[in-house]
Amino acid sequence: MNGSTAPSPWLPTAPCTPGRCAAHTEDGAGDPFERGAGARAERAALPLAVARLLAGTGTVLLGVLLAPIAGLLPVAARLALVRCWVRAVVRAFGVRVRHTGATGATPGPLLVVANHVSWLDIPIVAAVLPGRMVAKTEVRSWPVLGPLAALGGTVFVDRDRLKALPGTVRDVTGALSRGGRVIVFPEGSTWCGRARGRFRPAAFQSALDAGCAVLPLRIDYRPTGSAAYVGDDPLGASLWRVVTARRIVATVRTAAPLPSGRYPDRRALAAAAQQAVAHLDVVQRAVAKESANLPPLSVHQRDSSRPAAASSSRTPS
């Protein structure tokens, strides 16, 4: 994933490349969910892009400066503050976040697993479901994401050392056993969103050892190409692509929690979580296709179908 050095042969890789998968315009050919996206994937004006870049960077730096004070707060207050902060960061970079599904229905520890599309995934998931992230060690030194990850208590993984994996699993198990929430991207690499990888089972052993549930989560971006961070794409190029996009909408959808005790081993649990995330994509595409095929209501139809003293179910976008 994203870097100039050759990855270890055992690491998961994706076929996605910046040239094929990361761009401002996309025609959505063959995909009813993205058809017409090219018309909406226009670039923002240069002054707006620069303003977003400055605002986002400034918001990140503000959080870094206030981190020592935030560390003195109780855990609940600190998590609430971090959640507000990452929301402000994402918004400053010009990304809007939508969420569907319950986030607080499962009490106690929770292993959250999601597909992986972009560096944006980390602050976006933190804005919806704050918790400790699991990320590769290189993230710590990144100019924008590094401070975000460090302040959120990220568990950093040395992906080039296979022997370090059991230690990471123990760290995640410990966090879950203490009642925490941990977020993992089990594909092991970023995929552009049009395709997806297999969920690697290692992290799911932590859920089994801690006896906690697994919450499958799916992240989608529209337009997809502007947000995708794949292959050897430089972080700076991806960041500029994000701020120069006219508009990026990130949709986060959560499925029903999976009780880990119902599955015989980590591979079965990983397969069930992967299927749940894929099902969220199928449902969303079906809804989008059905909505695209509905004829627009005329003004007279809207007026006649609106009950008195009731709000309309269709609002202008």
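Throughout what follows, the structure given in this document is the object of discussion. Note that the structure is predicted; figures quoted are calculated from it, not measured.

### A few points about the overall build of the protein
Part 1 of the reasoning: Across its full length, the protein holds twelve helices and eight strands.
Part 2 of the reasoning: Relative to its full complement of 317 residues, the protein shows a buried share of 47%.
Part 3 of the reasoning: In the protein, once contacts between residues fewer than 6 apart in sequence are set aside, the share between residues at least 24 apart is 79%.
Part 4 of the reasoning: When the accessible surface of the protein is totalled, it reaches about 15,900 Å², and 59% of it is carbon and sulfur.

### Observations regarding a positive patch on the surface
Part 1 of the reasoning: Together, R91, R96, R98 and R247 line one region of the surface with positive charge.
Part 2 of the reasoning: Examined against the element boundaries, R247 turns out to sit in the loop between α10 (235–244) and β7 (248–254).

### Points about the packing of helix α3 (residues 46–70) against α10
Part 1 of the reasoning: Running from N to C, α3 and α10 cross one another at 120°; their axes reach a closest spacing of 8 Å. One finds that α3 runs oblique with respect to α10. In the crossing of α3 with α10, the sense of the turn from one axis to the other is right-handed. Contact with α3, carried on its side by L46, A49, V50, R52 and L53, involves L239, W240, V242, V243 and T244 of α10 and no other residues of that element.
Part 2 of the reasoning: Across the contact of α3 with α10, the residue classes tally to eight nonpolar, one polar and one charged.

### Quick look at the pairing of strand β3 (residues 132–136)
Part 1 of the reasoning: Extensive coverage of β3 is indicated by the burial of four of its five residues.
Part 2 of the reasoning: Sheet topology places β3 next to strand β5 (residues 181–184); two bridges connect them, and they run parallel. Bridging from a neighbouring strand, R132 pairs with V182 of β5.

### Description of a nonpolar patch on the surface
Part 1 of the reasoning: On the surface, L46, V50, L54 and W240 cluster together to form a nonpolar patch covering roughly 390 Å² of accessible area.
Part 2 of the reasoning: No other element matches α3, which puts three residues into the nonpolar patch.
Part 3 of the reasoning: By the element assignment, W240 lies in helix α10.
Part 4 of the reasoning: The partly exposed category is assigned to W240, whose relative accessible area is 34%.

### Comments concerning the pattern of salt bridges
Part 1 of the reasoning: The full count for this structure, using the stated rule, is four salt bridges.
Part 2 of the reasoning: Residue R218 pairs with D281 through a salt bridge whose shortest N-O separation is 3.7 Å. One end of the pair, R218, is in strand β6 (residues 213–222); the other, D281, is in helix α11 (residues 266–293), and 63 residues separate them in sequence.
Part 3 of the reasoning: In this structure R218 comes out as buried when scored by relative accessible area, which is 1%.
Part 4 of the reasoning: A residue is classified by how much of its surface remains accessible, and D281, at 4% relative accessible area, is buried.
Part 5 of the reasoning: A salt bridge links R241 to D233; the nearest nitrogen and oxygen atoms lie 2.5 Å apart. With respect to burial, R241 and D233 carry one shared label: buried.

### Overview of the nonpolar core
Part 1 of the reasoning: The biggest cluster of nonpolar side chains holds 45 residues, and the ones touching the most others in it are V95, W119, L120, I124, F185, L217 and Y221.
Part 2 of the reasoning: Of all the secondary structure elements, the ones that give two or more residues to this core are α3, α4 (75–92), β2 (110–114), α5 (121–128), β3, β6, α10 and β7.
Part 3 of the reasoning: The leading source of residues in this core is α5, at six residues.
Part 4 of the reasoning: Other than its neighbours up to four places away in sequence, L120 contacts V95, Y221, A227 and V242.
Part 5 of the reasoning: Core analysis: the second largest hydrophobic core is formed by 22 residues, V184, F199, C212 and V214 among them.

### Describing the environment of G153
Part 1 of the reasoning: Note on placement: G153 falls in the loop between α6 (145–151) and β4 (155–157).
Part 2 of the reasoning: In this structure, the C-alpha to C-alpha distance between G153 and M133, residues 20 residues apart in sequence, is 7.1 Å.

### Observations concerning the packing of aromatic side chains
Part 1 of the reasoning: Tallying each qualifying case throughout the model produces two aromatic pairs.
Part 2 of the reasoning: An angle of 85° between the planes, with centres 6.2 Å apart, marks the rings of F93 and W119 as edge-to-face. With a gap of 26 residues between them, F93 in the loop between α4 and β1 (95–100) and W119 in the loop between β2 and α5 connect regions that are remote in the sequence. For the pair formed by F93 and W119, the shared burial category is buried.
Part 3 of the reasoning: Ring geometry for F199 and F204: centres 6.4 Å apart, planes at 25°, overall stacked.

About the criteria used
- Residues numbered from 1 in each chain as written.
- Predicted model: local features only at pLDDT ≥ 70, side-chain atom pairs only at ≥ 80, totals over all residues.
- Heavy atoms only, no water.
- Helix = DSSP H or I, 4+ residues; strand = E, 2+ residues; numbered from the N terminus.
- Buried < 20%, exposed > 50% of the residue type's maximum accessible area, 1.4 Å probe, protein only.
- Contact = heavy atoms within 4.5 Å.
- Areas by Shrake-Rupley, 256 points an atom, 1.4 Å probe, with all protein chains shown as cover.
- Patch = residues over 30% accessible without salt bridge, like charges linked within 9 Å, V, L, I, M, F, W, Y side chains within 5 Å.
- Salt bridge = Lys/Arg side-chain N within 4 Å of Asp/Glu carboxyl O.
- Lys, Arg positive; Asp, Glu negative; His and termini not counted.
- Charge placed at Lys NZ, Arg CZ, Asp CG, Glu CD.
- Axes fitted to C-alpha atoms, helices over the stretch in contact; angles between N-to-C directions.
- Parallel < 35°, antiparallel > 145°, perpendicular 65-115°, else oblique.
- Left-handed = near helix turned anticlockwise from the far one by under 90°.
- Nonpolar A, V, L, I, M, F, W, Y, C, P; charged D, E, K, R; others polar.
- Pairing = 2+ DSSP bridges.
- Core = buried A, V, L, I, M, F, W, Y, C linked by side-chain atoms within 4.5 Å.
- Phe/Tyr/Trp six-rings, centres within 6.5 Å; stacked < 30°, edge-to-face > 60°.

So, to be careful, I would describe these as geometric facts and stop short of saying anything about function.
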